[in-house]
Amino acid sequence: MRRTALILAATFLAATAVTGCRSSRLAQSLDNTPNAGPCPVVGSVYDAARYVKFADGAGELYSDIAFTGEITNVRIYCRYTDDIPLAAEIEIDFAYGKGPKAGADSHTYPYFVAVTRRNGKVLAKETFASEANFRGKPVTGKSELVNRISIPRADGSISGVNFEVVVGFELTPEQLEFNRAGKRFRLDAGAKLAE
């Protein structure tokens, strides 16, 4: 019995040593050099962080909503490599809602990712589409990864803090005006008071 316990202990120690060597070699092969500078600032554009689509021909009441969306969080990961453009990827968290006038159980939400200078000048902008499948439920959410963002730098001395990466929904002029007017949280309260 004692001999069996010794054999099992020796086998466990040998397996641990081999695994330790493998993970040590893996850790050594990874590039763990710290970034030469900080990542660009990232965030959502306030006026474009919410999406409200009303049913065609409907008013702007809660009961007329077909679909809603919100950008709830944005994270950035970047890597400096010599003096070439800064490579970055962002992860965007979305929350989606299906309103009383939704005609389908899924909806496509167009959104953009833009690289700007800190003064607001847009250097690059690309549009994407996020598909929400509600599966019979009124709300859903998802995270999307955009991993081909290139931040142009003139040389290796330019830091990422000179740039911003902003995201938002691609909105119609009416949707943008709705957000800017602060109506996004109004239901139908007070609608009859003006009469």
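Residues numbered from 1 in each chain as written. Predicted model: local features only at pLDDT ≥ 70, side-chain atom pairs only at ≥ 80, totals over all residues. Heavy atoms only, no water.

Undergrad: Sorry, what's going on with the sheet that holds strand β4 (residues 86-98) here?
TA: Backbone-to-backbone hydrogen bonds join strands into a sheet, with any given pair of strands oriented parallel or antiparallel. Taken in spatial order, the four strands of this open sheet run β2-β3-β4-β7, and their pairing is antiparallel. Edge strands, defined here as strands with exactly one partner in the open sheet, are β2 (50-54) and β7 (139-151). Within the sheet, the average angular offset between the axes of one strand and its neighbour, ignoring direction, is 20 degrees. With eleven bridges connecting them, β4 and β7 associate as antiparallel partners. Its bridge partner being in β7, D93 is matched across the sheet by S143. (Pairing = 2+ DSSP bridges. Helix = DSSP H or I, 4+ residues; strand = E, 2+ residues; numbered from the N terminus. Axes fitted to C-alpha atoms, helices over the stretch in contact; angles between N-to-C directions.)

Undergrad: When you look at the sheet that holds strand β1 (residues 41-44) in this model, what are you seeing that I'm missing?
TA: Ordered by their spatial adjacency, four strands build an open sheet running β1-β8-β5-β6, and the pairing between neighbours is mixed. Since the sheet does not close on itself, it has two edges, and those belong to β1 and β6 (122-133), each with one partner. Strand-to-strand twist in this sheet, taken as the mean axis angle between neighbours without regard to direction, amounts to 20 degrees. Of the pairings in the sheet, the one linking strand β5 (residues 106-117) to β6 comprises eleven bridges and is antiparallel in character. Bridge pairing in β6 places H107 opposite A132.

Undergrad: Hey, could you run me through the packing of aromatic side chains in this one?
TA: What describes a pair of aromatic rings is the distance from one ring centre to the other and the angle between the planes of the rings. Throughout the structure, instances matching the rule amount to ten aromatic pairs. Centre to centre, the rings of F67 and F134 are 5.8 Å apart; their planes meet at 25 degrees, and the pair counts as stacked. Of this pair, F67 sits in strand β3 (residues 65-79) while F134 sits in the loop between β6 and β7, and the two are 67 residues apart along the sequence. By the burial criterion, F67 is buried, and F134 matches it. On the basis of an interplanar angle of 25 degrees and a centroid distance of 4.2 Å, the ring pair of Y96 and Y109 is categorised as stacked. Of the two residues, Y96 sits in strand β4 while Y109 sits in strand β5, which places them 13 residues apart along the sequence. Y109 matches Y96 in its accessibility class, with the two residues each being buried. Feature note: the residues Y51, F94, Y96, Y109, Y111, F128 and F169 constitute an aromatic cluster, connected by ring pairs. The ring centre of F112 lies 4.8 Å from the NZ or CZ of K125, which sits over that ring. (Phe/Tyr/Trp six-rings, centres within 6.5 Å; stacked < 30°, edge-to-face > 60°. Buried < 20%, exposed > 50% of the residue type's maximum accessible area, 1.4 Å probe, protein only. Lys NZ or Arg CZ within 6 Å of the ring centre and 35° of its normal.)

Functional significance is not addressed by these values, which are geometric in nature.
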